[in-house]
Amino acid sequence: MNTNDIEPNKSGETPSFLDQVSREGPFEAPDRYFGSFMSVLADKIEDEDVLENAPNLRAAGKENIFLQPSHYAASFPNKVMETIQASQPSATRTLRQLWQHPQQLVYAMSVAAAVVLLVVGMWVMGDQTHTQDTAIDYWSIIEQTDVDAFDIAEVFDLSAISFEGEEFSEEEVSDLLDLLDQSTFDLEETLIEGI
Amino acid sequence: MPVALKEQTLLDQLKNPVTRAYAFEQVVRDHQEMLYYHIRRMVIDHGDTDDVLQNTFLKAWRYLDRFRGDAAIKTWLYRIATNEALTFLNQKKKHMHQPVEDLEADLRHSLTQGKYIGGDEIQQKLQLAILTLPDRQRLVFNMRYFNELKYDEMADMLEVTVGALKASYHHAVKKIEKYLTES
């Protein structure tokens, strides 16, 4: 407190510094301290009476005989917090846990297989679009070799519809397959459009 | 900062996910020593105490959301530590297929031969006398005699009536005095 802030009292005299300070001081008692004081005191007196009849126990005292290794207390909070952080679920840990349980493993593999199929499917669709422009040229080659398109469909395990037509030899099929292997066109698309 | 205000600030920080870890570390620092000795007096060996103390704080962290602040943090932690210590002793009895006498012998061995034990002969004898008490009575005696906790605090921590605690403590004092007189 600044002494210049002290105001004169009713009699016009300037009060002393102490007059301005609360006599209770800055000391606070814990919550419920006074409310429980009597019962706490009574318990202590009762315990003292019991200990009066236990001179050997009193003689032994209350000294703590349990020691800690040096630096144990200082390092303990870090140890606990590291353990807590390690126990938090992370992506890596979740994956590791997946491998530890057969049912979860099957589930994970199913998901992985579905993802692979999806990627392959997208790749095939993309390839199909890419090759549509050149498909008609290959169809014309097939027509020139006088091959039944629906037999080719059977060879490639596509929807097999048999039309009567000229049969082709293994050699012809082989040549055709070589021809197709070197290309990226979609045979199924070509056959459907061609028919 | 007044104790009540500090406790409330800590509680607020524990509820906030951003400050939770920081506040919890503070809780560990504030209570680790008190809980260490509470557990150590029950399980005797330092290594076992370390395990139980870590489990105590891990459980406290895991169940932090369930702590509503009705009791003081200290009371809540004492409760967890007590349960962990008693569970540890029961598991030791079960897993090692030890009868009660063998567990007492095991604890006595830790007390007389183990590391990190100090004190003079009479203080060690007092600890041996305490080991002859049943686990719960040992707990009550240690909390009242060494930790000097109030009965109503202990009643909250152990969920037992004050009357039962007093009877248990007074009975323990008599048994210990008898042991010390006879040995």
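In this text the structure is predicted, and so the values were computed from the model without any measurement. (Residues numbered from 1 in each chain as written. Chains lettered and ligands numbered in written order. Predicted model: local features only at pLDDT ≥ 70, side-chain atom pairs only at ≥ 80, totals over all residues. Heavy atoms only, no water.)

Colleague: Now, about the overall build of chain A: what can you tell me, with residues and values included?
Modeller: Assigned secondary structure in chain A consists of 8 helices and 0 strands. Residue pairs at least 24 apart in sequence account for 39% of intrachain contacts in chain A once pairs closer than 6 positions are excluded. Of the roughly 14,900 Å² of accessible surface on chain A, 55% is carried by carbon and sulfur atoms. (Helix = DSSP H or I, 4+ residues; strand = E, 2+ residues; numbered from the N terminus. Contact = heavy atoms within 4.5 Å. Areas by Shrake-Rupley, 256 points an atom, 1.4 Å probe, with all protein chains shown as cover.)

Colleague: So what about the nonpolar core? Which residues, and what values?
Modeller: Core analysis: the largest hydrophobic core is formed by 72 residues, its most contacted members being Leu57 of chain A together with Phe24, Phe57, Leu126, Phe141 and Ile176 of chain B. Looking at which domains feed residues into this core, each of domain 1 (1–117) and domain 2 (118–183) of chain B gives three or more. (Core = buried A, V, L, I, M, F, W, Y, C linked by side-chain atoms within 4.5 Å. Buried < 20%, exposed > 50% of the residue type's maximum accessible area, 1.4 Å probe, protein only. Domains from an automatic or database assignment.)

Colleague: Now, about the interface of chain A and chain B: what can you tell me, with residues and values included?
Modeller: Taken residue by residue, the interface counts 37 residues in chain A and 45 residues in chain B. Here glutamate 148 of chain B ties to lysine 62 of chain A by a salt bridge, and the two come within 2.8 Å at their closest N and O atoms. Connecting chain A to chain B are 19 residue pairs in polar contact (both at pLDDT 80 or more). The element best represented in the side of chain A that touches chain B is helix H3 (residues 72–87) of chain A, accounting for 10 residues. (Salt bridge = Lys/Arg side-chain N within 4 Å of Asp/Glu carboxyl O. Polar contact = N/O pair within 3.5 Å; in protein donor to acceptor, adjacent residues only side chain to side chain.)

Colleague: Now, about H3 of chain A: what can you tell me, with residues and values included?
Modeller: With 16 residues, H3 of chain A extends 22 Å between its outermost C-alpha atoms, agreeing within 8% with the 22 Å of an ideal straight helix rising 1.5 Å per residue. Among the residues of H3 of chain A, Tyr72, Phe76, Pro77, Val80, Met81 and Ile84 of chain A are the ones counted as buried. Projected down its long axis, H3 of chain A shows its buried positions confined to an angular sector of 165 degrees, all on one face. More than 90 degrees from the buried face of H3 of chain A, the exposed residues found are Ala74, Glu82, Gln85 and Ala86 of chain A. Lining the buried residues of H3 of chain A we find helix H2 (20–43) and helix H3 (46–62) of chain B. (Expected span 1.5 Å × (residues − 1). Arc of directions from axis to C-beta.)

Colleague: Report on the packing of aromatic side chains, specifying residues and quantitative values.
Modeller: Evaluated as defined, the whole model comprises 13 aromatic pairs over all chains. Aromatic side chains phenylalanine 24 of chain B and tryptophan 61 of chain B sit 5.2 Å apart centroid to centroid with 70 degrees between the ring planes, which places their arrangement in the edge-to-face category. Here phenylalanine 24 of chain B is found in helix H2, whereas its partner tryptophan 61 of chain B is found in helix H3, with 37 residues between them in sequence. Accessibility classification places phenylalanine 24 of chain B together with tryptophan 61 of chain B in one group, the buried group. Summarising the aromatic geometry, the rings of tyrosine 145 of chain B and phenylalanine 146 of chain B are spaced 5.0 Å apart at their centres and angled 90 degrees between planes, so their arrangement reads as edge-to-face. On the basis of relative accessibility, which here comes to 12%, the residue phenylalanine 146 of chain B falls in the buried class. In this structure an aromatic cluster arises from ring pairing among Tyr72 and Phe76 of chain A together with Phe24, Tyr36, Tyr37, Phe57 and Trp61 of chain B. The cationic tip of arginine 144 of chain B hangs over the ring face of tyrosine 151 of chain B; the distance from NZ or CZ to the ring centre is 4.1 Å. (Phe/Tyr/Trp six-rings, centres within 6.5 Å; stacked < 30°, edge-to-face > 60°. Lys NZ or Arg CZ within 6 Å of the ring centre and 35° of its normal.)

Colleague: Pulling in residues and values, what's your account of unusual backbone geometry?
Modeller: Residue and element names in this part refer to chain B. The backbone of isoleucine 44 sits at a positive phi, close to 70 degrees, despite the residue not being glycine. Assignment of secondary structure puts isoleucine 44 in the loop between H2 and H3. Within the chain, glutamate 148 stands out as a residue other than glycine whose phi angle is a positive 55 degrees. Assignment of secondary structure puts glutamate 148 in the loop between helix H7 (135–145) and helix H8 (151–158). The exposure class of glutamate 148 is partly exposed, given its relative accessible area of 47%.

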